[in-house]
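Residue strings, one per chain:
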Amino acid sequence: MIFRFLFFWVGSLIILLNTSFAQAPKKLAASEIQLALKKLNVLSSALYVAAHPDDENQVVIGYMSQVELLNTGYLSLTRGDGGQNLIGSEIRERLGIVRSQELIQARSVDGSHQFFTRAIDFGYSKTSDETLELWDREKILSDVVWVIRQFRPDIIITRFPPDSRAGHGHHTTSGILAAEAFDLAGDPEQYSDQLEYVEPWQPTRLMLNETSWFSSKIDSIADVNDSVLVVDMGVYLPLVGKSVPEIAALSRSKHESQGFGSTGERGERVEYFRHVKGEMAKNSPLDGISTSWSRLAGGEAVGELLQQAYQNFNPEQPSAIVPTLLQAHQALGKLPDGHWKQVKTQELTTVIQACLGLYAEVRSGTNALVRRFRGAQTRPGIAEYSATPGDSVTLNFEAIQRSSQVEVQLNQIKLAQVGYDTLLNDTLEDNTLIAFEQQIKLPDNLSYTEPYWLQAENDGFAFTVENQMLIGRDETPPALQAEFSFSVNGQALNLSSPVIYKRNDPRKGEMYRPFVITPPVLVSLPENVYVFASTEPQTIVATVEAGRSGIQGSVSLKVPAGWSVNPAQHEYDIALKGQEQEFNFTVTPPEGASTGEVRVVAEHDGQSYQQSMVVIDYDHIPTQTLLPPATANLVKLDIRKEGNLVGYVMGAGDDVPKALEQIGYEVALLEEDDIRMPYLSNFDAIIIGIRAYNTVNWLRYRNDRLLEYVEQGGTLITQYNTSSRLVMQDFAPYSMQMSRDRVSDETASVRILAPSHPVLNTPNEITQEDFAGWVQERGLYFPNEWDEKFTPIFSMNDPGEDEKKGSLLIAPYGKGHYIYTGISFFRELPAGVPGAYRLLTNLISLGNDKRVERGNE
C-alpha cells in the first residue's frame, strides 16, 4: 500500500460520514449492500410510537425495516429520564442520556431511525390527565405532528391503547397523542409555524400493536374481527443470517441500563394490529399503499436502473454496478425536489460508497508520526478529543477507494463551521491511501458541545428547545463536520464526515470518541450534596481544570444568604490543558435549618465560567460529554445518629453510600466474600442497595448469612426490588409479597401508623415536616402482603387510590431488626431532602439505640 503524507497549514477545517458520529463508521459487507440495493426500490415508511426507551416492539420495527424494507422509525415521547438504572448511578437527565444512546444503538441494529419529543420522563404517572397537564399537551402534541411531517410515514403503529389498559399515564398519552397527531398532521391550519420547514402530511392508517396485555383473547378476537390484522413476523433473512426475532433480541439487548438482555427466537412470531384510523388494512399493513418509484412523477426510470443494478450485483465485484448506480443517481437528481428524492439520494450515495470501498475520515490530534518530531504541548490523552473556541486544532484526514474499475477523484473539502473551503483535485488510485494533516483555528464564537435538550433550563416536565430543526432529533449534531466532494467517473458525489477522536486501546483496539468543544475553564465539586449536622464549618474542595493551556484567574464559591465562605476567592494559574488545581474553602452554615445551593464560579479574561464536565463512559454506548453547572446542594439540618459503621451491598447503582458519609457514617462496600460471620457483626447496620435482589446473583448464596447477622442482633435494611427477575424469592425472614404498588406523587400525604415505634422517635423525632420537599415520588414497588410479624410504619397513596401501607416494614428477628423499604432514598438523598436523611438515620440507628431492647420494640 502506498501511503502519502500531505502537510497543509491553513486556517480551518472539519468532517462527517454515513454513520452515527459518535462511533465507528459503518462499513457494509456484500450481503448488506445487496439488502440496501433492494431497499432502494421501496418508497414507503412506518413510524412506531410509544412513551419510553424500551417500550418499542423490536420485532415489529425489525420486520418493517428488514423484511418490508420500509423507512422505519421509532418515536419515543421521552428519553427515559425518570426510570431506574441497573448499570450505574446516573439518574434523571443523565440517565436520559444513557437511555437515548441505548435507543440509538438499538436502531443501528434493526436499521431504523430514532426520534424524541421534548417531554421529560418525570417518573411514574398513573393517569394520562396528569401526564398531559404536566407535559403541556399542546407542546408535546406539536412535537408529534412535527415528527410525522418530517418523517412522512404511510403507517403509524402505536404500542399502547389510549386508555387505562396501557398501565402508565405516559403509555396512555402516547396512544392519545398519536391518534390526535394522525388527524392534525395533514391540516395546514394546525401548527402552521412548522410549514416554514415542512409540508403537511396525512398518513394512510393508524394501527394499535395489540397484545394479550391489552386484550386477553386477542387471538380469538382476530379470528372473527376484520379490524384486527394478523401478521407472522418470524421471517428468516438469508442476507442477514438471522430471523427477525433474533435481530429484535440483539436490538432489545442494547437496553443494558434496564436489564433487558434478550435471547433470540426462531420460528413463527405472530403480531396483531387493530385498526384505529384511516384506511383499514385487510391483508397487509401496506394494503393500498404505493411502495414503488411510481409514486413519484418520473420515478419509474430511476427504479428501472436500480432494479438493473440489483440484478447485476456481484458480491465479489460490487464496483461493477457503480456505472449503473451513477446513472440512477443522475436520473434521481433531475426529479423535482421532495422528501423521497432526499431520502433516496442519501441511501443511493451510501450504496455507491460501499460498492467502491470508499472511505473518508477526519480525526483530531497530531499524527503520532509527526508528534515524535514536534513534541506534545498538552497532557497525553487529554487534548485530542476536545478543544475550546479560538483554539488552533490539528486534524488528520484520510481517504481511500478500493476499485480498479471506476475513476474516483477527491475534488474539495469544506468545513462550514469555520469557513474553510479547499480545492484538492486528487485522483484516488485503487487501494492507495491519501492522508494529510491540517491545522485550523476555531472561531471564537463556536458553541460548546452538549446535548441540545439540556442547553437551557426546563420546568422539570418538558425540555426547552427553541430551534425547530433540533426538535425530534435523536442527538446533538457533531461539533465539527466536513463535506467531501468527490467525482466518480466524472459525476459528483458528496459525503459528510464528523470530526472524531480515535485511539488504539491495547485490549480493544480501535476506539472512537466524539470530538467536543468545551469552555476554556472547567470547574467542579466532588459531591452532589453537602450535609451539615451542626454549625461546625466544613471544607469544600473546588477544582479548576484547564480546557486549554495557559489559563489564569480567580475561583470562588457562591453560597445562599446566611451561609459564609472563607476565603472569598483563590487565584489559579494552570500551564497545560487538562491539568487541574484544587482549592479549599471553609463553609459555615447558619444556626437554624437551611437548604440551598453552592456554586463554583471561575473568572478568566473578563468572563465567568460555571460549567463542569461530566463524562458518561460505558462500553455499549459512545462516550457522552455533558457541561452542567458546577453546583451542589447544601443542607443544614438537625440530625442525631447512633452507630458509626455501615456496610453497603451495591445493587443496581446509587449514591446512598456517599450521602451517608456526608452525615458522618463510615461506609464499607461489601462484596460476596465479606458476607460472613463474625465479620458482619462489626457493622452497626447493613444496607442492601436498590434492586440488589434483581441484579446481584451471589445474594442467593449469602442471604442466609445476612439473616444470621440480623438474628444475632444486627439491623438489615433492604431497599426496593421489582417482583420480576429476582435472584431468589424468599429473601426476607418472614413472608412478604412484592407488588407494583407505588406512590408517584412526591407531595402525597404521609400518615403515621405506628407513632410510638422507636424508628419515628429515636434518635430523631420524625414529623410531617420531614416529608416536605421530596422529589419525583414517595416510593415504589411496595409489598402489598406481609407476615403479621412486620409492622407497617406509614400509609400513603396517590390521589383517588386506596392507601398503601407497604412503604416501610419493620420486623424483629432474633435479637435484631429486619427492615424492608420502598421509599426512594436513592432519589431523595442526592437531592438533599432533609427528612430523608433523618428517617434513614433512624433506620440505621434502630439496632444501636441502647434504650430499645432488641426484639421487644
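This text follows the structure it describes.
Source: prediction; values computed, not measured.

## Points about the overall build of the protein
Here is step 1: A count of helices and strands for the protein gives 17 helices and 45 strands.
Here is step 2: Against the globule reference of 29 Å for 857 residues, the protein gives a C-alpha radius of gyration of 30 Å, in line with a compact fold.
Here is step 3: C-alpha atoms of the protein, sized along the principal axes, occupy 90 × 75 × 55 Å.
Here is step 4: In the protein, buried positions account for 59% of the 857 residues.
Here is step 5: Partitioning the contacts of the protein with sequence separation of at least 6, the portion at a separation of at least 24 is 77%.
Here is step 6: Of the roughly 34,300 Å² of accessible surface on the protein, a fraction of 45% belongs to carbon and sulfur atoms.
Here is step 7: Positive and negative side-chain charges of the protein, numbering 73 and 109 respectively, have mean locations separated by a distance of 3 Å.

## A closer look at the packing of helix H5 (residues 137-151) against helix H6 (residues 169-184)
Here is step 1: Put simply, H5 and H6 touch, their axes get as near as 9 Å, and they point 60° apart. Taken together, the axis directions place H5 and H6 in an arrangement best described as oblique. The handedness of the crossing between H5 and H6 comes out as right-handed. Facing Arg137, Ile140, Leu141, Val144, Val145, Ile148 and Arg149 of H5, the residues of H6 in contact are Ile176, Leu177, Glu180, Ala181, Phe182 and Leu184.
Here is step 2: In terms of residue class, the contact of H5 with H6 is built from 10 nonpolar, no polar and 3 charged.

## Quick word on the packing of helix H9 (residues 300-311) against helix H10 (residues 322-333)
Here is step 1: It is the contact of H9 with H10, at a shortest axis distance of 9 Å, that shows an interaxial angle of 165°. Between H9 and H10, the interaxial angle falls into the category roughly antiparallel. Crossing hand, H9 versus H10: left-handed. Residue-level inspection shows Val302, Leu305, Leu306, Gln308 and Ala309 of H9 in contact with H10, the latter providing Thr324, Leu325, Gln327, Ala328, Ala331 and Leu332.
Here is step 2: Looking at the contact of H9 with H10 residue by residue, the classes come out as 8 nonpolar, 3 polar and no charged.

## Some words on the sheet that holds strand E7 (residues 228-232)
Here is step 1: Judged by pairing direction, the sheet is mixed, and its 7 strands sit side by side in the order E4-E3-E2-E5-E6-E10-E7 without closing on themselves. Only two strands of the sheet have a single partner each, and these edge strands are strand E4 (113-116) and E7. Each adjacent strand pair in this sheet contributes to an overall mean axis angle of 30°, direction not counted.
Here is step 2: Here strand E5 (residues 155-158) runs beside strand E6 (residues 205-210); their pairing, made up of 4 bridges, is parallel. Directly across from isoleucine 155, in E6, lies its bridge partner arginine 205.

## So, the side chain of glutamine 401
Here is step 1: Locating glutamine 401 in the fold gives a position in the loop between strand E13 (392-400) and strand E14 (408-415).
Here is step 2: The class of glutamine 401 is buried, set by a relative accessible area of 1%.

## With respect to the nonpolar core
Here is step 1: Ranked by size, the top nonpolar core spans 82 residues in total, and within it Leu660, Phe731 and Phe794 carry the most contacts.
Here is step 2: Ranked by residue count, the leading element in this core is helix H17 (residues 834-845), at 6 residues.
Here is step 3: Apart from the residues within four sequence positions on either side, phenylalanine 794 is in contact with Val750, Arg751, Ile752, Leu753, Leu760, Phe771, Lys804, Lys805, Ser807, Leu808, Ile823 and Leu839.
Here is step 4: Core analysis: the next-biggest nonpolar cluster, separate from the first, contains 60 residues, Leu325, Val343, Ala354 and Tyr420 among them.

## A closer look at the environment of proline 657
Here is step 1: Structurally, the position occupied by proline 657 is in helix H13 (residues 656-662).
Here is step 2: When its relative accessible area of 9% is taken as the criterion, proline 657 is described as buried.
Here is step 3: In this structure the C-alpha to C-alpha distance between proline 657 and leucine 829, which are 172 residues apart in sequence, comes to 9.8 Å.

## Some points on helix H1 (residues 30-39)
Here is step 1: For H1, the set of buried residues is Ile33, Leu35, Leu37 and Lys39.
Here is step 2: Lining the buried residues of H1 we find helix H2 (58-66), strand E3 (71-76), H9, H10 and helix H11 (339-356).

## Here's the deal with the packing of aromatic side chains
Here is step 1: Within this structure, the stated rule accounts for 22 aromatic pairs.
Here is step 2: Geometrically, the ring pair formed by tyrosine 720 and tyrosine 781 is stacked, given 5.8 Å between the ring centres and 10° between the ring planes. Of this pair, tyrosine 720 sits in the loop between strand E36 (715-718) and strand E37 (736-737) while tyrosine 781 sits in strand E40 (residues 779-782), and the two are 61 residues apart along the sequence.
Here is step 3: Its relative accessible area of 0% is what places tyrosine 720 among the buried residues.
Here is step 4: For tyrosine 781, a relative accessible area of 8% translates into the label buried.
Here is step 5: Here tyrosine 734 and phenylalanine 790 contribute two aromatic rings whose centre-to-centre distance is 6.0 Å and whose plane-to-plane angle is 85°, an arrangement assigned as edge-to-face.

## Considerations on the pairing of strand E34 (residues 666-669)
Here is step 1: As defined by bridge partners, strand E33 (residues 645-649) adjoins E34 across 4 bridges and the pair is classed as parallel. When the bridges of E34 are listed, leucine 645 appears paired with glutamate 666.

## Quick look at the side chain of histidine 339
Here is step 1: Residue placement: histidine 339 occurs in helix H11.
Here is step 2: Sequence-distant contacts of histidine 339, that is, excluding residues within four places in its chain, are made with Gln150, Phe151 and Arg152.

## Section: H11
Here is step 1: With 18 residues, H11 extends 26 Å from end C-alpha to end C-alpha; this agrees with the ideal 26 Å at 1.5 Å per step.
Here is step 2: Taking burial as the measure, the 18 residues of H11 include 14 buried ones, the bulk of the element.
Here is step 3: Once H11 ends, the next one or two residues include glycine 357, with phi positive near 65°.

## What to know about the sheet that holds strand E21 (residues 521-524)
Here is step 1: The 4 strands lie next to each other as E21-E23-E27-E25, forming an open sheet whose pairing is antiparallel. The open sheet is flanked by E21 and strand E25 (564-566), the only strands paired with a single partner. Strand-to-strand twist in this sheet, taken as the mean axis angle between neighbours without regard to direction, amounts to 30°.
Here is step 2: Alignment of E25 against strand E27 (residues 580-588), held across 3 bridges, turns out to be antiparallel. Within E27, the position partnered with asparagine 566 by the bridge is threonine 586.

Definitions and cut-offs
- Residues numbered from 1 in each chain as written.
- Predicted model: local features only at pLDDT ≥ 70, side-chain atom pairs only at ≥ 80, totals over all residues.
- Heavy atoms only, no water.
- Helix = DSSP H or I, 4+ residues; strand = E, 2+ residues; numbered from the N terminus.
- Rg over C-alpha atoms; globule rule 2.2 N^0.38 Å.
- Buried < 20%, exposed > 50% of the residue type's maximum accessible area, 1.4 Å probe, protein only.
- Contact = heavy atoms within 4.5 Å.
- Areas by Shrake-Rupley, 256 points an atom, 1.4 Å probe, with all protein chains shown as cover.
- Lys, Arg positive; Asp, Glu negative; His and termini not counted.
- Charge placed at Lys NZ, Arg CZ, Asp CG, Glu CD.
- Axes fitted to C-alpha atoms, helices over the stretch in contact; angles between N-to-C directions.
- Parallel < 35°, antiparallel > 145°, perpendicular 65-115°, else oblique.
- Left-handed = near helix turned anticlockwise from the far one by under 90°.
- Nonpolar A, V, L, I, M, F, W, Y, C, P; charged D, E, K, R; others polar.
- Pairing = 2+ DSSP bridges.
- Core = buried A, V, L, I, M, F, W, Y, C linked by side-chain atoms within 4.5 Å.
- Phe/Tyr/Trp six-rings, centres within 6.5 Å; stacked < 30°, edge-to-face > 60°.
- Expected span 1.5 Å × (residues − 1).

Read these as layout, nothing more, since geometry by itself doesn't imply function.
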